[in-house]
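Results of the structural survey
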Amino acid sequence: MTSQHSDASFSREAAFDLLRGVSAFTHSPLIKGLAEVVARHPDAEIGVAFNHKQIACKMWARDAVYETIGGEIGTILVLGGWYGVLAGILFDDARFTIGKIVSVDIDETVASVARTLNGAWIDRFNALSEDMYALPYQDHKADLVVNTSCEHIADLRGWLDLLPKGTRVVLQSNDYFSEPTHINCVASLDAFKEQAKLSRLLYGGSLPQKKYTRFMLIGEV
Ligand SMILES: C[S@@+](CC[C@H](N)C(=O)[O-])C[C@H]1O[C@@H](n2cnc3c(N)ncnc32)[C@H](O)[C@@H]1O
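What counts and how
Residues numbered from 1 in each chain as written. Predicted model: local features only at pLDDT ≥ 70, side-chain atom pairs only at ≥ 80, totals over all residues. Heavy atoms only, no water. Near = heavy atom within 4 Å. Polar contact = N/O pair within 3.5 Å; in protein donor to acceptor, adjacent residues only side chain to side chain. Areas by Shrake-Rupley, 256 points an atom, 1.4 Å probe, with all protein chains shown as cover. Nonpolar A, V, L, I, M, F, W, Y, C, P; charged D, E, K, R; others polar. Domains from an automatic or database assignment. Contact = heavy atoms within 4.5 Å. Salt bridge = Lys/Arg side-chain N within 4 Å of Asp/Glu carboxyl O. Core = buried A, V, L, I, M, F, W, Y, C linked by side-chain atoms within 4.5 Å. Buried < 20%, exposed > 50% of the residue type's maximum accessible area, 1.4 Å probe, protein only. Helix = DSSP H or I, 4+ residues; strand = E, 2+ residues; numbered from the N terminus.

**Here's the deal with the site of the ligand**
Inspection of the region around the ligand gives 17 residues, with Lys58, Asp105, Asp131, Met132 and Thr148 positioned closest. Interatomic distance of 2.9 Å between a side-chain N/O atom of Asp131 and a nitrogen atom of the ligand. Within the side chain of Ser149, one N or O atom sits 3.4 Å away from an oxygen atom of the ligand. Surface burial for the ligand is 86%, taken as the share of its 600 Å² of free accessible area covered by protein chains. Residues that form the shell around the ligand fall into these classes: 5 nonpolar, 5 polar and 7 charged.

Have a look at this one:
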């Protein structure tokens, strides 16, 4: 018997239909945004940013933030925010009451995708195409600064020194040294603590994945 489906690839239209159905079933504004991204941004590598490992790391951050500092947060700055997945995960969680999230990334191609993904909260969400080393942090008056891309930036402590003293931060890095875009991995949680040198540590943990371990710190600079 021959298959009706000669093309083994899953079409964009089929992915959009499926996600629209999942969004109707789950009532999740984030999944609705994901369907819109699939339809409107054919070049975005949203499947990488939304794969189960990336999602596990973002849910880990979300739950640790909730348990460590609670769900009422004014302004959140997400650096290296990519397609805005973490912002969407935080907005989509009813435990949180968030004033505003600003997602910042040096890659100019990602901001429009992040805005589409977070379309349900666009009055409280913005995506900026900026270098995190050149941001006017005093002006942003962030209640929480998140950087889950620490393995991607050359001088972590140099960047932390740009934040106002006492700023609350959530940091993630990993020991995935073999990935070429990871220019600043750490070998262990202790090495990450040593690299960040936070003035106050509220949480430190490790999340083993199949190929690498992700590390997270929550504290104050
Ligand atoms: C691959 S992504 C995110 C990986 C990480 N696991 C995550 O999901 O949080 C890393 C992002 O950091 C951004 N990035 C790297 N250097 C940056 C800088 N100096 N300022 C702002 N964004 C930067 C890149 O453009 C990229 O979108």
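Continuing now.
**Quick notes on the domain arrangement of the protein chain**
Here the domain parsing of the protein chain yields domain 1 (12-40) and domain 2 (51-220). On the domain 2 side, the residues contacting the 8 residues of domain 1 number 8 residues. Where domain 1 touches domain 2, the interface holds 0 salt bridges. Along the contact surface separating domain 1 from domain 2 lie 2 residue pairs in polar contact (both at pLDDT 80 or more). Tallied by class, the residues present in the side of domain 1 that touches domain 2 amount to 4 nonpolar, 2 polar and 2 charged.

**A short note on the nonpolar core**
Within the largest apolar cluster, 45 residues are counted, with the highest numbers of intra-cluster contacts made by Val65, Ile76, Ile101 and Leu144. Residue-level mapping places this core at the junction of two domains, with at least three residues from each of domain 1 (12-40) and domain 2 (51-220). Those residues in contact with Ile101 that sit more than four places away from it in its chain are Ile76, Val78, Ala87, Leu90, Phe91, Arg124, Phe125 and Asn126.

**Let's talk about the environment of Trp121**
By secondary structure assignment, the location of Trp121 is in the loop between helix H6 (111-117) and strand E3 (125-129). The class for Trp121 is buried, based on a relative accessible area of 7%. Sequence spacing of Trp121 and Asp175 is 54 residues, and the spatial spacing of their C-alpha atoms is 34 Å. Residues contacting Trp121, with those up to four places away along its chain left out, are Pro29, Leu30, Gly88, Phe91 and Asp92.

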